[in-house]
Amino acid sequence: MVEVSVCIGSSCHLKGSYNVIQTFQQMIEEEKLHDKVEFKATFCMRQCSGNGVAVSVDGQSYSVGADAARDFFMNTILPIAK
């Protein structure tokens with residue numbers, strides 16, 4: 001099971017966390033990964049200095065722009081989940 005967390009704190013909210021969450025949820029649905037991805041939103045992950053939204057995948061931190069969320073999912077999360 002892949003653990004994916006997206007920050008919804010103030011800074012990440014302003015950087016587009018809602019769009020990242022929507023994209024990830026859509027991708028989980030499309031790829032039928034409900035039983036393979038534990039997806040949750042979390043408050044501040046202390047990664048506010050990045051240009052994008054703070055995302056954690058199995059404890060590894062990333063900064064993901066809302067416009068890059070789909071590519072990030074396909075290239076980072078999907079290979080681990082399959």
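Every value quoted in this text rests on a predicted model; they were computed, and no experiment measured them.

> Give me the lowdown on the overall build of the chain, citing residues and values where you can.
Helix and strand counts for the chain come out as 3 helices and 4 strands. Along the chain direction, N to C, the helices and strands of the chain fall in the order β-α-α-β-β-β-α. For 82 residues, the compact-globule estimate of 2.2 N^0.38 gives 12 Å, and the chain sits close to it at 11 Å. The dimensions of the chain, computed from C-alpha atoms along their principal axes, are 30 × 20 × 15 Å. Taking all contacts inside the chain whose residues are at least 6 apart in sequence as the whole, residues at least 24 apart take part in 69%. Accessible area for the chain stands at about 4,900 Å²; split by element, carbon and sulfur atoms hold 47% of it.

> Pulling in residues and values, what's your account of the pairing of strand β1 (residues 2–7)?
For a regular strand, the rule is simple: side chains alternate between the two faces of the sheet. The buried fraction of β1 amounts to 5 of the 6 residues, a majority that puts the element mostly inside the structure. Examined bridge by bridge, β1 and strand β2 (residues 37–42) share 6 bridges and lie parallel to one another. Counterpart to V6 in the pairing with β2 is A41.

> Lay out the packing of aromatic side chains with the relevant residues and their values.
If you walk through the whole model with that rule in mind, you get 4 aromatic pairs. Ring geometry for F24 and F39: centres 6.0 Å apart, planes at 65°, overall edge-to-face. Placement of the pair is F24 in helix α2 (residues 17–30) and F39 in strand β2, with a sequence separation of 15 residues. Taking the relative accessible area as the measure of exposure, F24 reaches 0% and is therefore buried. Under the relative-accessibility criterion, F39 is labelled partly exposed at 22%. Taking 5.7 Å as the distance between ring centres and 50° as the angle between the ring planes, the aromatic pair formed by F24 and F73 counts as tilted. Of this pair, F24 sits in helix α2 while F73 sits in helix α3 (residues 69–81), placing them 49 residues apart in sequence.

> Describe the pattern of salt bridges, listing the residues and the values that go with them.
Scanning the entire structure with this criterion turns up 2 salt bridges. Notably, a salt bridge pairs K82 with E31, separated by 3.5 Å at the nearest N-O pair. Separated by 51 residues along the polypeptide, K82 in the segment after α3 and E31 in the loop between α2 and β2 bring together distant segments of the chain. A relative accessible area of 63% means that K82 is categorised as exposed.

Here is what the cut-offs are and how they apply
Residues numbered from 1 in each chain as written. Predicted model: local features only at pLDDT ≥ 70, side-chain atom pairs only at ≥ 80, totals over all residues. Heavy atoms only, no water. Helix = DSSP H or I, 4+ residues; strand = E, 2+ residues; numbered from the N terminus. Rg over C-alpha atoms; globule rule 2.2 N^0.38 Å. Contact = heavy atoms within 4.5 Å. Areas by Shrake-Rupley, 256 points an atom, 1.4 Å probe, with all protein chains shown as cover. Buried < 20%, exposed > 50% of the residue type's maximum accessible area, 1.4 Å probe, protein only. Pairing = 2+ DSSP bridges. Phe/Tyr/Trp six-rings, centres within 6.5 Å; stacked < 30°, edge-to-face > 60°. Salt bridge = Lys/Arg side-chain N within 4 Å of Asp/Glu carboxyl O.

Keep in mind these numbers describe shape, not what the thing actually does.
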